[in-house]
Amino acid sequence: MTSVTPVKRPGTAGPARRAYTIVVFVVLASLDNVAIGLVPPLYDPIGEALAVPEGAIAVVTGVTYLVTAVAAVAWAYAGDRFRRRPLLVVGTLVWAAGTFGSGYSTTFGMFLVAQVVGAVGLGAVGSVGFSVVSDLISPRRRGLVMSFFGLSQGVGTLAGTLVGGLLGAGDWQRPFRVVAVAGVVAALAYLVTYDIRRGENEPELAALYEQGGEYEGRISSGDLPKILARRTNMWLIMQGLTAQVTFGSLVWLPRLFQARAEEQGFETPTAVAVGATFATLFQLGGVLSIIGGLVGDRLQQRVPGGRALVAAVGILGGIPFFVVLFFVPMHIDLAPDAGSGAVAKAVLRSVITEPTVALSLVAALAGLALISANSPNWFALIADVNPPEHRGTVYSLGNLVNSVGRAAGNALVGAVFSGLARSLPPPLNYATGLALFQIFFVPTGIMYLKAAKTSPADTAAVRAQLADAQPTFDGSGRKLS
């Protein structure tokens, strides 16, 4: 390797600006998922206001998943070639515009168009953002830090469910307007963040950056065969097809709890708030993805393929706990005309006073703690087995397959609910349908076991590629020929 004199590269940031960048990015990644989570708890009131069945609104959700995933591939490819900060700002403004338009829709057609516009912008935040986050951390802490990245998205989705159900219980358009304004504020805050250099925390590139060099790897159209030739990539991409069928069905969880509230005699606005609150409370187990990421880091240092093993055990182990959650009956003591605040208090109180609610919470926390190990280890594996210039694109390809599975699960489970309703009244039809869709987690676990066998060789190949990178600047900062 050419010997060069160390030189401070333009754009180097101090600790304060890096910390600011991380905080703004986490908020941005969370906020776009708030927008994604707004619609499911409002299927019933949106459908009623726009004069369409709630199943039609569920189809819109499925369409937006697909549009987001397709758009993410283009955004990710651009992010793997060009500067990523401007792409994130533009993408955020686009989804904010679509969300704002959703809050002023008066017809089904207007709502559909606004949601699709927002979905195009949402594709940028996840795919380009993943590329940025992967450059912020070293491989040894990849699972742990990626758990925070995934958690920010999960918290955003939960917040969207809660904001949609509570803020939109009396006016379904209001939460869309509020979140859109927050998106614009986040985009403006991102304008002054630090532009993370590609691959700057890879151990094999440390000497390169210390010598004033710059990693110049960039994706090209001819790289797609190389990406697909990595066997681990294929397992990581394809597992999402089956996993997301199940995850897609889980967006109906608020509807299950709403049906249970309606079975107790509550009117629709109160039942919607109850459903959203219970769904949010029961999904708090996702916070334990931090443990899954940490365990993946530790096991990876001891056992080749350890991250994939942790993900496989988590996915398969969570199934029985979810089945219990779906079928345990619940009762809530609440006045028929209670407001959103009273609903939240009653739900929290019922965890202590109602044994069935406590059992449901334990099952939900255990199930989510297990399946949440999937997310940080999936993120970390993509970064492990791909060079920096491929990571955003591989993530987006995986997310595209994820979205196909999620859209299929979201759409199919609605049809299954309707079919089951012919012989099973609500909420039993919702519980049975959700339980049936857990079967799709089984092939997902098997594919992670396959990835555990192929990932060690693919990771070693990437490390060797990065170690061969050459300085591109001389000691005075001039580019080498």
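Look above for the structure.
Residues numbered from 1 in each chain as written. Predicted model: local features only at pLDDT ≥ 70, side-chain atom pairs only at ≥ 80, totals over all residues. Heavy atoms only, no water.

K.L.:
Help me out: how do you make sense of the packing of aromatic side chains in this one?
P.N.:
Describing an aromatic ring pair means giving the distance of the ring centres and the angle of the ring planes. One pass over the full model with this rule turns up 14 aromatic pairs. A centroid spacing of 6.2 Å and a plane angle of 90° characterise the contact between F111 and F176, whose relative ring orientation is edge-to-face. On the criterion of sequence distance, the pair formed by F111 in helix 5 (residues 108–134) and F176 in helix 7 (residues 174–190) is long-range, its members being 65 residues apart. F176 sits in the buried class, given a relative accessible area of 0%. Taken together, a centroid distance of 6.0 Å and an interplanar angle of 35° make the contact between F379 and Y395 tilted. Taken as a pair, F379 in helix 18 (residues 374–384) and Y395 in helix 19 (residues 388–420) lie far apart in primary sequence, 16 residues in all. Exposure class is identical for F379 and Y395. Each is buried. Grouped by ring-pair contacts, the aromatic residues Y43, W252, F417 and Y430 constitute a single cluster. Taking NZ or CZ as reference, R177 lies 4.1 Å from the ring centre of Y104, over its face. (Phe/Tyr/Trp six-rings, centres within 6.5 Å; stacked < 30°, edge-to-face > 60°. Helix = DSSP H or I, 4+ residues; strand = E, 2+ residues; numbered from the N terminus. Buried < 20%, exposed > 50% of the residue type's maximum accessible area, 1.4 Å probe, protein only. Lys NZ or Arg CZ within 6 Å of the ring centre and 35° of its normal.)

K.L.:
In this structure, what is going on with the environment of S147? I would like to understand it.
P.N.:
Relative to the helices and strands, S147 is located in helix 6 (residues 142–167). Exposure remark for S147: the relative accessible area of 1% places this residue in the buried category. Through-space distance from the C-alpha of S147 to that of E200 is 20 Å; in sequence the pair is 53 residues apart. In this structure S147 touches S289, I290, G293 and P376, once residues within four positions along its chain are discounted. (Contact = heavy atoms within 4.5 Å.)

K.L.:
Please clarify how the side chain of E389 should be interpreted in this entry.
P.N.:
Locating E389 in the fold gives a position in helix 19. If we skip the residues at most four places from it in the chain, E389 touches D80, R198, Y215, G217, R218, I219 and Q465.

K.L.:
What is the right way to read a nonpolar patch on the surface from this model?
P.N.:
Taken together, L66, L224, L228, M234, M238, L241 and V404 make up a surface patch of nonpolar side chains, about 510 Å² in accessible area. When residues of the nonpolar patch are assigned to their parent elements, the largest contribution, 3 residues, is made by helix 10 (residues 231–249). (Patch = residues over 30% accessible without salt bridge, like charges linked within 9 Å, V, L, I, M, F, W, Y side chains within 5 Å. Areas by Shrake-Rupley, 256 points an atom, 1.4 Å probe, with all protein chains shown as cover. Salt bridge = Lys/Arg side-chain N within 4 Å of Asp/Glu carboxyl O.)

K.L.:
In this structure, what is going on with unusual backbone geometry? I would like to understand it.
P.N.:
Keep in mind that most residues, glycine aside, have a negative phi and that most peptide bonds are trans. In this chain, P426 is followed by P427 through a cis amide linkage whose omega measures 5°. With respect to the secondary-structure elements, P427 resides in the loop between helix 19 and helix 20 (428–436). The backbone phi angle of A51 is positive, close to 60°, even though this residue is not glycine. Along the chain, the position of A51 falls in the loop between helix 2 (43–49) and helix 3 (54–79).

K.L.:
Can you walk me through a positive patch on the surface in this structure?
P.N.:
Together, R140, R141, R298 and R302 line one region of the surface with positive charge. Within the secondary structure layout, R302 lies in helix 13 (residues 289–302). Taking relative accessible area as the criterion, R302 reaches 63% and is therefore assigned exposed. (Lys, Arg positive; Asp, Glu negative; His and termini not counted. Charge placed at Lys NZ, Arg CZ, Asp CG, Glu CD.)

K.L.:
Before we go on, may I ask you to explain the pattern of salt bridges in this structure?
P.N.:
Should their charged atoms come close, side chains of opposite charge can pair. Applying the stated criterion across every chain, the model contains 4 salt bridges. The partner of D223 in a salt bridge is K226, and the shortest N-O contact between them spans 3.7 Å. For D223, a relative accessible area of 8% gives the class buried. The salt bridge partner of R255 is E262, with a shortest N-O separation of 3.6 Å. By relative accessible area, R255 is classed as buried at 13%. Look at the salt bridges and you will find they share partners, linking D297, R307 and D384 into a network.

K.L.:
Quick question: what am I supposed to make of the nonpolar core here?
P.N.:
Nonpolar side chains tend toward joint burial in soluble globular proteins. Within the largest apolar cluster, 110 residues are counted, with the highest numbers of intra-cluster contacts made by I46, F111, F257, F278, F282 and F326. Leave out the neighbours within four places in its chain, and I46 touches V39, I57, F111, W172 and F176. Formed by 6 residues, the second largest nonpolar core is a distinct cluster that contains L205, Y209, Y215 and L466. (Core = buried A, V, L, I, M, F, W, Y, C linked by side-chain atoms within 4.5 Å.)

K.L.:
Any chance you could explain the environment of L294 here in plain terms?
P.N.:
By the element assignment, L294 lies in helix 13. Here the alpha-carbon distance between L294 and M146, two residues 148 residues apart in the chain, equals 9.7 Å.

K.L.:
Could you clarify how one ought to interpret helix 17 (residues 355–371) in this entry?
P.N.:
One turn of an α-helix holds 3.6 residues; hence residues three or four places apart share an orientation. Its 17 residues give helix 17 an end-to-end C-alpha distance of 24 Å, which sits within 8% of 24 Å, the value for a rise of 1.5 Å per residue. For helix 17, the set of buried residues is V357, S360, L361, A363, A364, G367, L368 and I371. Seen along its axis, helix 17 keeps its buried residues to an arc of 165°; they face one direction. Exposed residues on helix 17 whose side chains face more than 90 degrees from its buried face are P355 and V362. (Expected span 1.5 Å × (residues − 1). Arc of directions from axis to C-beta.)

K.L.:
Can you walk me through the packing of helix 18 against helix 19 in this structure?
P.N.:
When two helices pack together, their arrangement is given by the angle between the helix axes and by the axis-to-axis distance. One way to put it is that helix 18 packs onto helix 19 with a least axis distance of 9 Å and a crossing angle of 140°. Compared by their axis directions, helix 18 and helix 19 come out oblique. Of the two possible hands of crossing, helix 18 and helix 19 adopt the one that is right-handed. Taking contact as the criterion, the partners of W378, F379, I382 and A383 in helix 18 are, on helix 19, R391, V394, Y395, G398, N399 and N402. Partitioned by chemical class, the residues of the contact of helix 18 with helix 19 number 6 nonpolar, 3 polar and 1 charged. (Axes fitted to C-alpha atoms, helices over the stretch in contact; angles between N-to-C directions. Parallel < 35°, antiparallel > 145°, perpendicular 65-115°, else oblique. Left-handed = near helix turned anticlockwise from the far one by under 90°. Nonpolar A, V, L, I, M, F, W, Y, C, P; charged D, E, K, R; others polar.)

K.L.:
How should the side chain of D458 be read in this particular structure?
P.N.:
By the secondary structure assignment, D458 is in helix 21 (residues 441–467). Buried charge without a partner: D458 forms no salt bridge, and the closest opposite charge is R231, 5.6 Å away.

K.L.:
Would you mind going over the packing of helix 11 (residues 253–263) against helix 20 with me for this structure?
P.N.:
Look at helix 11 against helix 20: their axes get within 9 Å of each other, and the N-to-C directions meet at 155°. Between helix 11 and helix 20, the crossing angle belongs to the class labelled roughly antiparallel. In the crossing of helix 11 with helix 20, the sense of the turn from one axis to the other is left-handed. Where helix 11 approaches helix 20, its residues L253, R255, L256 and A259 are matched on the opposing element by Y430, A431 and L434. Per-class residue counts for the contact of helix 11 with helix 20 are 6 nonpolar, no polar and 1 charged.

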